[in-house]
Amino acid sequence: WWGPLMSCRTEAMIGAQGLRQTYAYSTLLMATEGALAVSLINSSSDSYLPSKWKGKRLSKMTRDDAPLLGQIQYIDVIVRPGSALLIPPHWKVCWESYEEPKPALAVWVELHHPVSKFVRKAGER
């Protein structure tokens with residue numbers, strides 16, 4: 001009975017992506033060509049991020065952007081081609097190509113139930 005209520009949203013991406021919030025019940029990030037260096041930030045570090053954090057890459061942030069940059073707790077994960085990373089809801093994610101001059105290709109898949117879909121729409125505003 002739950003199946004018809006679920007929905008799936010996908011995106012294909014090339015190269016580096018700045019910080020974005022996960023809202024879906026499950027979010028999958030898969031590297032299709034080239035490895036990804038993925039940074040994951042838990043919501044416990046939200047207060048240390050700059051007020052306009054969307055689209056910013058963690059590796060490019062300076063103390064001018066976030067004075068308490070050293071307090072941000074994050075995890076770096078290398079996702080190799082053909083591998084996938086399952087990300088829980090309410091985490092912030094950014095990534096760049098692990099092998100720098102070559103842009104990596106990635107697929108972003110969100111699996112939503114009705115509540116997570118509503119929260120995502122509200123979070124985009």
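With that settled, the discussion passes to the confidence of the model for the protein chain. Model confidence for the protein chain is summarised by a mean pLDDT of 84, while 90% of its residues fall at 70 or above. Summarising per-element confidence for the protein chain, the mean pLDDT is lowest in helix α1 (residues 114-123) (68) and highest in strand β6 (residues 84-87) (94).

Attention now moves to the nonpolar core. Residues Leu29, Leu36, Val38, Ile87 and Trp95 are the most contacted members of the largest nonpolar core, which totals 15 residues. Top contributing element to this core by residue count: strand β4 (residues 36-41), with three residues. With sequence-adjacent residues up to four places away left out, Trp95 is seen in contact with Met13, Gly15, Ala16, Gln17, Arg20, Leu29, Leu36, Ala37, Val38, Arg57, Ala106 and Trp108.

Turning our eyes to something else, we now look at the packing of aromatic side chains. Summed over the entire model, instances satisfying the criterion amount to one aromatic pair. Measuring from ring centre to ring centre gives 5.6 Å for Trp95 and Trp108, while their planes differ by 25°; the resulting arrangement is stacked. Of the two residues, Trp95 is situated in strand β7 (residues 92-97) and Trp108 in strand β8 (residues 105-112); the sequence distance between them amounts to 13 residues. Note on accessibility: Trp95 and Trp108 belong to one class, buried. For the cation-ring pair, Arg20 lies above Trp108, with the distance from its terminal atom to the ring centre recorded as 4.4 Å. Above the ring of Trp53, the side-chain terminus of Lys92 is found at 4.8 Å from the ring centroid.

Scoring rules and cut-offs
- Residues numbered from 1 in each chain as written.
- Predicted model: local features only at pLDDT ≥ 70, side-chain atom pairs only at ≥ 80, totals over all residues.
- Heavy atoms only, no water.
- pLDDT = per-residue confidence, 0-100.
- Helix = DSSP H or I, 4+ residues; strand = E, 2+ residues; numbered from the N terminus.
- Core = buried A, V, L, I, M, F, W, Y, C linked by side-chain atoms within 4.5 Å.
- Buried < 20%, exposed > 50% of the residue type's maximum accessible area, 1.4 Å probe, protein only.
- Contact = heavy atoms within 4.5 Å.
- Phe/Tyr/Trp six-rings, centres within 6.5 Å; stacked < 30°, edge-to-face > 60°.
- Lys NZ or Arg CZ within 6 Å of the ring centre and 35° of its normal.

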